[in-house]
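So you can see what is in the structure, the chains are spelled out below.
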Amino acid sequence: MGRVAFDHVTKRFGEVTAVDDLTLDVADQEFLVLVGPSGCGKTTALRMLAGLDDPTSGDIVIGDRVVTEVAAIDRDIAMVFQSYALYPHMTVRRNIEFPLRSRKVPAAERERLVQEAAATLDLEALLDRKPAQLSGGQRQRVALARAIVRRPAVFLMDEPLSNLDAKLRVQTRAELVELQRRLATTVVYVTHDQVEAMTMADRIAVMDRGVLQQVGPPQEVYATPANLFVARFIGNPPMNTVTGKVVVSEGTVGVQLPGGRIELPDDVAAAVKAHDEGEVVVGVRPEHARLDPEGPLEATVAVVEVLGHEQHVICRLKDAPPAADAEGATDDVAGAVATESLFIVRQPNDDVAPGIGVGVRITVDTRRVHVFDAGTAGQRLEAA
Amino acid sequence: MRSSPALRKALRYLVLTVLAFIVLFPVYVTVVGSLLLPEQLTSRPPTLFPNDPQWGSYSEAWTDGHFGTYLWNSAVVTAMITLGQLVTSILAGYAFAMLEFPFKRTIFVVFLATMMVPFEVTIITNLQTVTDLHWYDTYAGLAVPFLATGFGAFLLRQAFLQIPADLRDAATIDGYGHLKFLVRVAVPLARPSIAALAVFSFLGAWNQYLWPLLVTEDDRLRTVQIGLRQLRSTQLDEINVTLAGTVLAALPLVVLLILFQKQLIRGLTTGAVKG
Amino acid sequence: MARSHTRAAQRRREALLGYLLVAPALLVFAVFTFYPFAKNFRLAVYRDKLFGAGSEYVGTEQVTDVLGSGDFRQSLWVTVLFALMSVPAGIFLGLALAVAAHQRLKGIGIYRTIFASTVASSVAVASVIFGTLFNPVIGWLPWLGFNPQPPLLQNPDWALPAVALVTIWQSIGLSFIVMSAGLQAIPDEVMEAAQLDGARPWRRFWRVTVPLLSPTIFFAVVVGGIFAFQAFAQVEMLTDGGPIKRTNVLTYYIYTTMREAQDEGKAAVLSIALFFVTLALTLFQMRILEKRVHYAQ
């Protein structure tokens, strides 16, 4: 009943293609997070689902029917907006009631449903207040109550947590997931925050420039990013990505990086071999690297960030191109820091932090190394 | 040389009070005059305080001077104009702010252009039109030419543009069409601007002079401003009645000013500051 | 295709609603603003024959006749004089009151209401009030010693200033309200900075307040100018354009031309002239406003 699907959906605004041939299935009662940098088309996709924008081509399915032609009110969806979109002149009660009034729900029934929704979100004491008299978190709950009051099959949420302060956001994340389980509905959730995506989603769908990059469970997307964009976007601190040259010699396949050469394990080597003498991008998550006097990569410590439970040792690889050269790369992945000249090593807080400017050596867990095509698509290279 | 704070404060009050006295003096003299007998009015030095107020001048203005009728006519015409301007401005302002249709910009410019044409420029033909429509000496003739205002449509367009797009989207999802959204959400949210426009329209309509003078000659249809004109020419021995009529004519706006000062100020200063 | 069909229908519905919503206002404008405005240009090229014997086409002859006539020139001159007498004074007094009331004092609200109160007076009300004050028998002004002969409103030298005085008093309230709003828009810090710099009140007024208020003052000058060119009731009630046409302002001239002389053609020419004067003032304002935007950037 709560299944949702995009079927080759494209949306153009004049010359600009906001969503490009999007095909995506969301199962009933699934929590799917659409994530990507601003302007990636995620909000447009959501608005098409809501019936606020029409696709230029392709179809939208909700439940078991094609709703491309169906008006928003008849789609059995509810939406929570980033701004909450509460009506400032109405009390909380009237706000929650508003979706029921247009559906001609009888007054007694309305009252019962409002009470129920208010109880679910702990709003009973606030029913006669106006939105201006509420805190940010309370407003957010009113917006949720207004969405759940008529029990839609699908919830659409557009950055619903981005106006909350950091602490409340963490708490609300958990509450939202719990609410979704309790109501047993489908949620399509849009955010630019990959932490929200990782922590809440059953599956993540990563978008960039209108194109769907990868769909999968958070752990899978994290462990095997399909391309360089996903690799850099998901994960915090971001994955180190360093361009290097493939070197094949005597049965081993390695990559010459600034600062040193690393050998690749067999499964990856098979896929990389074909690129002999060509360029590839090597990706290493900060937790898969460590400082090691015997390590193959030579570097200098630039900054040490102490977080309390762990440290980030930010190094500059020897012979790395200056930051300016990598500028283009950072632009592409707005949000995910991917300055190629820096290399982050994550280590427990108990480890001794090296001094700034000190020369160090780094070793990487080669079984966990990702290798990407150096071309614009940045496809992941692995054994077929 | 430093004066003490208390003295400075007293000085400030003194200055303000003197200024208030100067501004109000003509009004005070008029109110006093309306309560005097004609022979007291001509006495020299002029009487500064009515020891024995003669309220009879007010009843005389109300009945013999037809001020009851004039005030009623002004009220009816002002209500028609104010309501009409609010309705047409709300509708047009909403269309300009929230709807897409071909030639919207052009039509909007046409609305703005009406502000460039003073009404005085159009009286010749308008008098003819109203006569042709058999609206001479009718409320319709007095009110209909003023049922729309470019300024009002502009003001409310600006107000409606302030409404967040998310509210419209949320209402769309809940099945509220434009008209329902207009009534349930847009109008309540634009209330400050609507109130400002209402007060502004009321003021303009109540004070009209040239047009009512042109399209009415029947005493039963004349408005209070023209009523003052009728009284003006009366004899000196009835000047207290004239002054009473003047007070009556101004009273509704004085009440309005006191009750709706905030809205009035908003209505009058839109565009003056901030532009 | 079905889809483009529905979408087009939706757009059509929205457009239709849009037209429906603007239609009432547009209808009023068409009938009572644009049609009579355009009709003026037609009336202007026909001259009324004597004794209501119809009219004949005369081309631009009537336009040049009317605009070249001494009566028109005098009327235009009187109107300009009237504007010069009434507008700056009204604005200055409104500004002075606004500055006086721009302070934190107990009961300041009452003073503000009093200063704003003359907006409650229509021009007609103000005319009666001042007509009585000017009255040679019962008025305060003659009793206070100002008693020219012939009496004020019949005196060729004093009638126009007297009418201007009525207008000034009546406009003080509006002027006060507008200037107060302008003052409130000036950040307190600016004033405090000037105070800290040791500028004396008088200097502060001319060097800080007035320049910062200049956009508001300018707006008031233009709107006041436009109002002045539409002045009618005070003349009709107090002087009937006299004596010897010394208060025959443009709008009153149009009125008597159509009412008493029954000369529509001539009245139309005068109306067109009034329109262009107003237009010039408006365009002038827009030009300056454009410049102001530049300053702000």
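Structure: see above.
Notes on the structure follow. (Residues numbered from 1 in each chain as written. Chains lettered and ligands numbered in written order. Predicted model: local features only at pLDDT ≥ 70, side-chain atom pairs only at ≥ 80, totals over all residues.)

1. Observations concerning the overall build of chain B
Part 1: When helices and strands are counted, chain B shows 15 helices and zero strands.
Part 2: Against the compact-globule benchmark of 19 Å for 275 residues, chain B has a radius of gyration of 24 Å, which places it well outside the compact range.
Part 3: Considered along the principal axes of its C-alpha atoms, chain B spans approximately 75 × 70 × 35 Å.
Part 4: Put simply, chain B has 275 residues, and 48% of those count as buried. (Helix = DSSP H or I, 4+ residues; strand = E, 2+ residues; numbered from the N terminus. Rg over C-alpha atoms; globule rule 2.2 N^0.38 Å. Buried ≥ 20, exposed ≤ 12 C-beta atoms within 10 Å, placed from the backbone.)

2. Here we look at the overall build of chain C
Part 1: When you go through chain C residue by residue, the secondary structure sums to twelve helices and two strands.
Part 2: Start at the N end of chain C and walk to the C end: the helices and strands fall as α-β-β-α-α-α-α-α-α-α-α-α-α-α.
Part 3: Compactness check: chain C gives a C-alpha radius of gyration of 25 Å against a globular reference of 19 Å for 297 residues, more than 25% above the reference.
Part 4: Viewed in the frame of its principal axes, chain C has a C-alpha envelope of about 80 × 70 × 30 Å.
Part 5: Within chain C, the proportion of its 297 residues that are buried is 42%.

3. Notes on the sheet that holds strand β13 (residues 260-263) of chain A
Residues and elements named next belong to chain A.
Part 1: The strand order β13-β12-β11-β14-β20 describes an open sheet built from five strands, whose pairing is antiparallel. A single partner strand is all that each edge strand has here, and the edge strands are β13 and β20 (370-373). If you compare each strand with its neighbour and ignore which way they point, the axes differ by 40° on average.
Part 2: With five bridges connecting them, strand β11 (residues 240-249) and strand β12 (residues 252-257) associate as antiparallel partners. Residue Lys245 lies in a different strand from β12, and its bridge partner there is Gln256. (Pairing = 2+ DSSP bridges. Axes fitted to C-alpha atoms, helices over the stretch in contact; angles between N-to-C directions.)

4. Thoughts on the interface of chain B and chain C
Part 1: Each side of the interface is counted separately: chain B has 70 residues, and chain C has 78 residues.
Part 2: Tallying contributions element by element places helix α1 (residues 5-34) of chain B first for the side of chain B that touches chain C, with twelve residues.
Part 3: Partitioned by chemical class, the residues of the side of chain B that touches chain C number 45 nonpolar, 17 polar and eight charged. (Contact = placed C-beta atoms within 7 Å. Nonpolar A, V, L, I, M, F, W, Y, C, P; charged D, E, K, R; others polar.)

5. Quick word on the packing of helix α15 (residues 261-269) of chain B against helix α7 (residues 159-185) of chain C
Two numbers describe a pair of packed helices, the interaxial angle and the distance between the axes.
Part 1: Viewed as axis vectors pointing N to C, α15(B) and α7(C) meet at an angle of 85°, and their least axial separation amounts to 10 Å. It follows from the interaxial angle that α15(B) and α7(C) lie roughly perpendicular. Seen from α15(B), the contacting residues are B:Ile265, B:Leu268 and B:Thr269; seen from α7(C), they are C:Leu174, C:Ile177, C:Val178 and C:Ala181.
Part 2: Among the residues forming the contact of α15(B) with α7(C), the class breakdown is six nonpolar, one polar and no charged. (Parallel < 35°, antiparallel > 145°, perpendicular 65-115°, else oblique.)

6. Considering the pairing of strand β8 (residues 186-191) of chain A
Residues and elements named next belong to chain A.
Part 1: Counting buried residues along β8, six of its six residues qualify, which places the element largely inside the surrounding structure.
Part 2: Here β8 shows no split at all, with Thr186, Val188 and Val190 on one side and Val187, Tyr189 and Thr191 on the other all buried.
Part 3: Judged from the five bridges that link them, strand β3 (residues 31-35) and β8 form a sheet pairing that is parallel. Among the inter-strand pairings, Leu34 is bridged to a residue of β8, identified as Val190.
Part 4: The handedness of the strand β7 (residues 154-158) to β8 crossover, carried by helix α5 (residues 166-183), is right-handed. (Right-handed = clockwise from strand over helix to strand, strands pointing away.)

7. Re helix α9 (residues 201-229) of chain C
Part 1: The first and last C-alpha atoms of α9(C) sit only 35 Å apart over 29 residues, clearly below the 42 Å expected at 1.5 Å per residue.
Part 2: The axis of α9(C) is deflected most strongly, by about 60°, at C:Ser214, and proline C:Pro215 appears within four residues downstream. (Expected span 1.5 Å × (residues − 1). Bend = angle between axes of the 7 residues up to and from the residue.)

8. Considerations on unusual backbone geometry
Part 1: That bond from A:Asn236 to A:Pro237 is cis: its omega, 0°, falls within 30 degrees of zero.
Part 2: For A:Pro237, the position within the fold is in the loop between α8 (228-233) and β11.
Part 3: Between C:Gln149 and the following residue, C:Pro150, the backbone shows a cis peptide bond with an omega angle of -10°.
Part 4: Even without being a glycine, B:His134 presents a positive backbone phi close to 60°.
Part 5: Within the secondary structure, B:His134 sits in the loop between α6 (123-132) and α7 (139-143).
Part 6: For C:Ile244, which is not glycine, the phi dihedral falls at a positive 35°.

9. Remarks on the sheet that holds strand β18 (residues 342-348) of chain A
Residues and elements named next belong to chain A.
Part 1: With respect to topology, five strands assemble into an open sheet ordered β15-β19-β16-β17-β18, the strand pairing being antiparallel. Of all strands in the sheet, those with a lone pairing partner are β15 (289-291) and β18, marking the two edges. Between one strand and the next, the sheet's axes are offset by a mean angle of 45°, whatever the strand orientation.
Part 2: Inspection of the sheet shows β15 paired to strand β19 (residues 359-364) by three bridges, in the antiparallel sense. When the sheet's bridge partners are listed, Ala289 is paired in β19 with Val364.

10. Concerning the pairing of strand β17 (residues 310-317) of chain A
Residue and element names in this part refer to chain A.
Part 1: Across the eight residues of β17, six count as buried, placing the element largely inside the fold.
Part 2: Hairpin remark: strand β16 (residues 297-306) followed by β17, antiparallel, with three residues in the connecting loop; positive phi at Gly308, about 105°.
Part 3: In this structure, β17 lies alongside β18, joined through seven bridges in antiparallel fashion. Within β18, the residue paired with Val313 across the bridge is Val345.

11. A closer look at the nonpolar core
Part 1: Counting 264 residues, the largest nonpolar core has A:Leu32, A:Leu34, A:Met79, A:Ala145, A:Leu156, A:Val188 and A:Tyr189 as its most contacted members.
Part 2: Per-element accounting of this core gives the leading share, 15 residues, to α7(C).
Part 3: With near-sequence residues (within four places) excluded, A:Met79 lies in contact with A:Ala50, A:Ala147, A:Leu156, A:Asp158, B:Ala170 and B:Ile173. (Core = buried A, V, L, I, M, F, W, Y, C linked by C-beta atoms within 7 Å.)

12. Notes on the environment of A:Phe81
Part 1: Among the structural elements, A:Phe81 can be located in the loop between β6 (77-80) and α2 (92-101).
Part 2: For A:Phe81, a count of 21 C-beta atoms within 10 Å corresponds to the buried category.
Part 3: With 76 residues separating them along the chain, A:Phe81 and A:Met157 place their C-alpha atoms 6.3 Å apart.
Part 4: Aside from chain neighbours lying at most four places away, what touches A:Phe81 is A:Ala143, A:Asp158, B:Asp166 and B:Ala170.

13. Quick word on the packing of helix α8 (residues 188-196) of chain C against α9(C)
All names here are of chain C.
Part 1: Between α8 and α9, the shortest axis-to-axis distance is 11 Å and the interhelical angle comes to 160°. In terms of axis orientation, α8 runs roughly antiparallel to α9. Where α8 crosses over α9, the handedness of that crossing is right-handed. Residues Val190, Met191 and Ala194 of α8 form the contact with α9, whose own contacting residues are Arg204, Val208 and Leu212.
Part 2: The residue makeup of the contact of α8 with α9, split by class, is five nonpolar, no polar and one charged. (Left-handed = near helix turned anticlockwise from the far one by under 90°.)

14. Points about the environment of B:Phe202
Part 1: Mapped onto the secondary structure, B:Phe202 falls in helix α11 (residues 191-206).
Part 2: Setting aside residues no more than four positions away along its own chain, B:Phe202 makes contact with B:Thr78, B:Thr82 and B:Leu256.

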